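This is what each chain is made of:
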Amino acid sequence: MKIKINNKNYKAEDGELIYDICKRSGINIPTLCSTPKVHEGVCWICVVENNGRLMTSCNTKVCDGMEIVTESEKIAKARRINLELLWADHAGKCVTCKKNRRCELQNLAEEQKIENFHFIPRKEEMTGGEELDLLKDNRSRVVVDEGNMAISRTTELCVECRRCINICPTKEFGFNNRAGDVVVGTPYEKPLDCIFCGQCVKNCPTGAITDKNDLQEIIEKLDDLKKMAIALVDPAILETVAFEQEEIISKEKLIGILKATGFEKVFDLGFGMEKMLEQMTEKVKINGNNNLMLSHCSSFNLYIEKYHPQFKNNIIDVANPDELMAEIIKGEYAKKEKINPQDIVVISISSCVSKKIKKSSNVDYVITVRELGRIIRQKNIKLKDIKESYFGKEFAVKDEKVKNAIRAGGASEIIAKKTKVKYIAADGVVQIKKVLDDLSKNRIETKIIEGMICEGGCINGGGQARKLK
Amino acid sequence: MKKEIKIITKNWGKINPKNIDEYIAAGGYQALFKFVKEMSPESALGEIKTSGLCGRGGAGFPAGQKLECVAQEKSKEKYFICNLDESEPGTYKDRAIVDNDPHMLLEGIVIASLIVGAKKAFIYINGNYRKQIEILERAVEQARKNVFIGQEILHSKYALDIEIFAGAGAYICGEETALINSIEGKRGEPRMRPPFPTQCGLFGQPTAVNNAETIANIPWIIESGGAAYAKIGSKKSPGTKLFIVNGSAKNPGVVELPLGIKLNDLLEKHAGGIQKGKEFWFAQIGGSSGRLALEKDLSMKLEYDREAKIPLGSGAILVVDKTADIHELLLSWTSFFRRESCGKCVPCREGTFRLWEIAKRLKDGEISERDVAAINDILWTLNNTTFCPLGKFAATAFSDAISNFQKEIYKLSR
């Protein structure tokens, strides 16, 4: 099929979306609401013109003879008005927002040069008495959910793009109320109680769903000379940490930057992974039962607990690598180095959000890649001048292959090789559901089952950063 | 004056709607007999196509074409849905049909369902119509007892079950894809088209969704033939239509008249003209989502025509006289749409809200220059960029009012 985009000929397959063709061909179309798999076409930012008619490019399939224009006065007008409408509905507290400079709405407004606002803001804090009067029946209900350890939500900053609704593997979110009063929320606005995979946090374009942590407290501890801050670096975060700060071009550079932000020691979490895999292998060897489930994915544990409790006993319970390492750090290591364990602050930098829920006492904080980015930005250091550095030698990784465990199927492969048993690995809730379904109907029989909630494993974890442009 | 043809209202006031025997005695279910005994689905479909019947819900899409699309689908499961989610302000024609002659509607539903090959039909009724739900439930029960519905309809091979599904009264659920979502148990939001419901509708199966008034025409067409129907009314859209006259007319209410009648004639001859001592200002054609007809448009023909300047819509006509407060009207329109938008897409969710806000300020006389600029922007974006037609509807009357009565609205005369 042949179509024209901006007066140039392009080839397209039947059923392809206009947006995909443009993206493939290097034509930039801004968008706010689409996720990789679901295109709703509700934000009307990705508009293009086809023979004079405006349409959303993200969910319109190509037809023969289409003549698409991606930039025109009409398109710019549509984008401007709709963005302005969204802005007026947004709280606009940019300076104090967790997502400042990493907010897609803010970026779009800047990119589309939104300067004048015709609409009177709806959720902004108003001071003048007259203005408040004007807003009387104008302020919609704001729902704030701080009921868990990992994710904080506020509808004040929500632009109702529906990404979280579409991305959530267990369908926790939906629209509540209707028309202008619409808010994204859980049924009956109950506090969020899910498997905390964090994909919603990762995909939220604004600061409506964010990581929960007291960053100010963490920064204080980093600056405190009496405290020894130790960073545990999850190998998975190296995949995306550059999206958060482009200066982080290598592992060594990251370690250097971490030391500059106030971490006295930076250790490779690979050591803890080795320990975890060793313990798992031992347990698999001793255990005579079949269909043992690996416990390294915290969200998977929660998923089994909440949705399939009949398999609770199948899980071979081994602590997280973070916990295993922190235990040694606060025990043997502190003794050897003659430090009071209470002065050690272990901060795990992870690609996982649910580790915050499953956190044990020895790990003081779990922060995500996004939170690391915020700490670095808040510290305001000149990243370019920072020299490269290396992991502390006290916890050296014997075999770099253990790091494959961050990928789906990695951990089970390593264990299966050592113990010479069969295994099944599933990633993503859809696959996991299928395996569990087969299991309950006795259609499968294997030694170990690995489940990872995030598709692809930790490299695609909910705590990872996302490329914005 | 020649005798007027009544199709839908022929039994109104003459029979007891709660009693199926009275409907049968008045010649009811004869069309179903004829269909089952003498006709095939194909020939019946042919009659409907010849009749030129078009959708009475507002869009005016040819009914025969829609039924044909579903009939041609090869799927085993098919559905037929009667759209009775009447929630356009000032429109109560479908309610009147159920109130006066529910069995005519049922007969139409049975015939149309059998034509497309559906084994299950739904009546999606506005949940606020409590009394009408009761009437329909009783009617379905009676029809089932008389084997007009069930496993072997009139002891033939045809089978059909009818389920009454009460919605929650949302305006958007009158849009067919939102209606389908609602029956499936999802949130009442429009779906992306294509695929059209005729290919992939309720539970992923081919589905025909027709307005109740359209369906009520079908028994007459089957009985008297499509050609006879095509002779009634205008050439572009044959047949009769229920017009609902509201506002400052002397005799407001539902009246059945052939399509193609001039607005002037309808108001003067059938609605008794304007109330005494009042002066005609404008009329809104087709409910809250309709355009405004001024004095110069009074000679317009009321018919379904794609090129018409003022579309007929649902057939509701609101007559406004010069004592009316235009600001109250603006507020009434905008508050309706700001309440009834589903909230899915940005332009409609935010736009209808802002428009309502501005209408409120207009009424209080607090309009600022920033609002005047905003009005044009919002109307433009509602008109051009919304997901479903509701956004467009929300802008129609408002834009007409702004362009025609600028002086009154901005109070420039002072």
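> Got a minute to help me understand the pattern of salt bridges in this structure?
Oppositely charged side chains are able to pair whenever their charged atoms sit close together. Within the structure shown, the criterion is met by 61 salt bridges over all chains. Between R79(A) and E71(A) there is a salt bridge, and its shortest N-O distance comes to 3.6 Å. Residue R79(A) is classed as buried on the basis of its relative accessible area of 2%. Here E84(A) makes a salt bridge to R80(A), at a shortest N to O gap of 3.1 Å. Taken together, the positions of E84(A) and R80(A), both in helix 2 (residues 73-89) and 4 residues apart, correspond to about one turn of that helix. The exposure class of E84(A) is buried, given its relative accessible area of 2%. Within this structure, E40(A), R162(A), R187(B), E189(B) and K344(B) form a network of salt bridges that share partners.

> Help me out: how do you make sense of the nonpolar core in this one?
General note: in soluble globular proteins, nonpolar side chains tend to be found buried as a group. Residues I81(B), F282(B), L330(B), F398(B), F405(B) and I409(B) are the most contacted members of the largest nonpolar core, which totals 78 residues. Of all hydrophobic cores here, the second largest spans 65 residues; its members include I15(B), F35(B), I111(B) and A208(B).

> Explain the packing of aromatic side chains here, please?
Applying the stated criterion across every chain, the model contains 19 aromatic pairs over all chains. Their ring planes at 50° and their centres at 5.7 Å tell us that Y333(A) and F395(A) sit as a pair that is tilted. Of this pair, Y333(A) sits in helix 12 (residues 321-337) while F395(A) sits in the loop between helix 13 (369-379) and helix 14 (410-419); the two residues are 62 residues apart in sequence, bridging distant segments of the chain. Overall, the relative accessible area of 3% leaves Y333(A) in the buried class. A centroid spacing of 5.9 Å and a plane angle of 65° characterise the contact between Y79(B) and F203(B), whose relative ring orientation is edge-to-face. In this pair, Y79(B) is assigned in strand 1 (residues 79-84) and F203(B) in the loop between helix 8 (176-183) and strand 4 (207-211), connecting sequence segments 124 residues apart. Since its relative accessible area comes to 10%, Y79(B) is described here as buried. A relative accessible area of 45% places F203(B) in the partly exposed class. Through pairs of rings, three or more aromatic residues link up here, namely F267(A), F271(A), Y333(A) and F395(A). Across from the ring centre of F387(B), 4.4 Å away, lies the NZ or CZ of K344(B), which sits over that ring.

> What is the right way to look at the layout of surface pockets in this model?
Left-over empty space is what a probe sized like a water molecule reveals as it rolls over the atoms. Residue and element names in this part refer to chain A. Empty space within the second largest pocket amounts to approximately 1400 Å³. Along its surface, the second largest pocket is lined by 42 residues, and S34, T35, P36, N203 and R466 are the ones closest to its centre. Sorting the residues of the lining of the second largest pocket by element identifies helix 1 (18-24), helix 3 (104-111), helix 5 (163-167), helix 6 (199-203) and helix 15 (429-440) as the ones contributing at least two each. The element best represented in the lining of the second largest pocket is helix 3, accounting for 4 residues.

> Got a minute to help me understand the packing of helix 12 (residues 326-340) of chain B against helix 13 (residues 346-364) of chain B in this structure?
Between two packed helices, what matters for the description is the angle formed by their axes and the separation of those axes. Residue and element names in this part refer to chain B. At a minimum axis separation of 8 Å, helix 12 and helix 13 run at an interaxial angle of 155°. Compared by their axis directions, helix 12 and helix 13 come out roughly antiparallel. Crossing of helix 12 against helix 13: the hand is left-handed. Residue-level inspection shows H327, E328, L330, L331, T334, S335, F337 and R338 of helix 12 in contact with helix 13, the latter providing T352, F353, L355, W356, A359, K360, L362 and K363. Split by residue class, the contact of helix 12 with helix 13 holds 8 nonpolar, 4 polar and 4 charged.

Scoring rules and cut-offs
- Residues numbered from 1 in each chain as written.
- Chains lettered and ligands numbered in written order.
- Predicted model: local features only at pLDDT ≥ 70, side-chain atom pairs only at ≥ 80, totals over all residues.
- Heavy atoms only, no water.
- Salt bridge = Lys/Arg side-chain N within 4 Å of Asp/Glu carboxyl O.
- Buried < 20%, exposed > 50% of the residue type's maximum accessible area, 1.4 Å probe, protein only.
- Helix = DSSP H or I, 4+ residues; strand = E, 2+ residues; numbered from the N terminus.
- Core = buried A, V, L, I, M, F, W, Y, C linked by side-chain atoms within 4.5 Å.
- Phe/Tyr/Trp six-rings, centres within 6.5 Å; stacked < 30°, edge-to-face > 60°.
- Lys NZ or Arg CZ within 6 Å of the ring centre and 35° of its normal.
- 1 Å grid on protein atoms, 1.4 Å probe; cavity = no way out; pocket = protein on both sides within 12 Å on 5 of 7 lines; lining within 4 Å.
- Points joined across faces, edges and corners; volume = space filled by probe spheres on them.
- Axes fitted to C-alpha atoms, helices over the stretch in contact; angles between N-to-C directions.
- Parallel < 35°, antiparallel > 145°, perpendicular 65-115°, else oblique.
- Left-handed = near helix turned anticlockwise from the far one by under 90°.
- Contact = heavy atoms within 4.5 Å.
- Nonpolar A, V, L, I, M, F, W, Y, C, P; charged D, E, K, R; others polar.

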